[in-house]
Amino acid sequence: MRNSMAELARITVEPREPLAAEVSRRLIDYLMSGEVQPGDRIPSERQLTEMLGVNRPTVREAIKSLGFLGLLEIRQSSGTYFRGTDSDVLYRLFELGLVLGERGARDMVQARAELEVVVAGLAAQARDEAGVELLRARLTAMRECPDEEFPEADTAFHAALGELSGNTVLRDVLKGMRAMIQRGWVERTGAVRSREVAYADHVPIFEAVAKGDAEAARTAMARHMSGASRRLMEALEQREA
């Protein structure tokens, strides 16, 4: 069995959340460390109690929670095993705020930004008249919708780019990432840019795609994602301070 002891070190600082949630977070970091493979047995309740310096009911509660989420399989008289992860499990963990560590946050934001740039370039290369009109309609909706509907209109614009790109894998991966970031971070931190700035960012993206200029589309999207990512990470840092 592979262990990543850093994640299972004794809890010596009073956590800012229920102790079972802190233990769950430590276990998730351990399972996601890359040193634990699907099918591996994790340390026993007794071992985890000693490692983390918490009581056994707290460890048991954390294990049950991760079992319910699908990360762990509890086998009577055998032990607890890592089941591995899939996108659905990660989404549920993300929604519940269990994978919001600094490294995970930065990795998710960076990955999303890079993929949005790729999709923008592909959309410009593959665009057709119907696709351009769809994107134009989404941009118009961003300009004219009520303030409370703007986040949804923003997301719809990016979703349209995914459709135009012709790459269903990138489209679906980004759809999940956007939902994770919106529900997991933005709604909790309030990390939103002004409507005027957001709309202005999208105009050059649309214009480049409409012209079929892939490089200009990638450049415009990279500029947009740079600002959006910076604001999100600043909000997260302030929240954790």
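These numbers were taken from a predicted model, which means no experiment stands behind them.

S.K.: Is there a simple way to think about the nonpolar core in this case?
M.R.: Generally speaking, soluble globular proteins have nonpolar side chains that are buried together. Ranked by size, the top nonpolar core spans 35 residues in total, and within it Leu-135, Phe-157, Leu-161, Val-209 and Met-221 carry the most contacts. Of all elements in the fold, only helix 5 (102-126), helix 6 (129-144), helix 7 (150-165), helix 8 (168-189), helix 9 (195-211) and helix 10 (214-240) reach the threshold of two or more residues within this core. Ranked by residues supplied to this core, first place goes to helix 5 with eight residues. When near neighbours in sequence (up to four residues on either side) are disregarded, Leu-135 contacts Phe-157, Ala-160, Leu-161, Leu-164, Phe-206 and Val-209. One finds Leu-27, Val-36, Ala-62 and Ile-63 within the second-largest nonpolar core, a separate group that totals 18 residues.

S.K.: Quick question: what am I supposed to make of the packing of helix 7 against helix 9 here?
M.R.: Helix packing for two helices is described by the angle between their axes and how far apart those axes are. Where helix 7 contacts helix 9, the axes come no closer than 11 Å and their chain directions differ by 15 degrees. Viewed along their axes, helix 7 and helix 9 adopt a mutual orientation that is roughly parallel. With respect to the hand of their crossing, helix 7 and helix 9 are arranged in left-handed fashion. Contact with helix 7, carried on its side by Phe-150, Asp-154, Phe-157, His-158, Leu-161 and Leu-164, involves Arg-195, Ala-198, Tyr-199, His-202, Ile-205, Phe-206 and Val-209 of helix 9 and no other residues of that element. Classifying every residue of the contact of helix 7 with helix 9 gives nine nonpolar, two polar and two charged.

S.K.: Even after reading the chapter, I still don't get the pattern of salt bridges, so can you show me in this structure?
M.R.: Should their charged atoms come close, side chains of opposite charge can pair. Under the criterion given, the structure shown has 12 salt bridges. Among the salt bridges present, the one from Asp-172 reaches Arg-171, with a minimum N-O distance of 2.9 Å. Taking relative accessible area as the criterion, Asp-172 reaches 42% and is therefore assigned partly exposed. Residues joined by salt bridges that share partners form a network here, namely Glu-45, Arg-56 and Arg-60.

Here is what the cut-offs are and how they apply
Residues numbered from 1 in each chain as written. Predicted model: local features only at pLDDT ≥ 70, side-chain atom pairs only at ≥ 80, totals over all residues. Heavy atoms only, no water. Core = buried A, V, L, I, M, F, W, Y, C linked by side-chain atoms within 4.5 Å. Buried < 20%, exposed > 50% of the residue type's maximum accessible area, 1.4 Å probe, protein only. Helix = DSSP H or I, 4+ residues; strand = E, 2+ residues; numbered from the N terminus. Contact = heavy atoms within 4.5 Å. Axes fitted to C-alpha atoms, helices over the stretch in contact; angles between N-to-C directions. Parallel < 35°, antiparallel > 145°, perpendicular 65-115°, else oblique. Left-handed = near helix turned anticlockwise from the far one by under 90°. Nonpolar A, V, L, I, M, F, W, Y, C, P; charged D, E, K, R; others polar. Salt bridge = Lys/Arg side-chain N within 4 Å of Asp/Glu carboxyl O.

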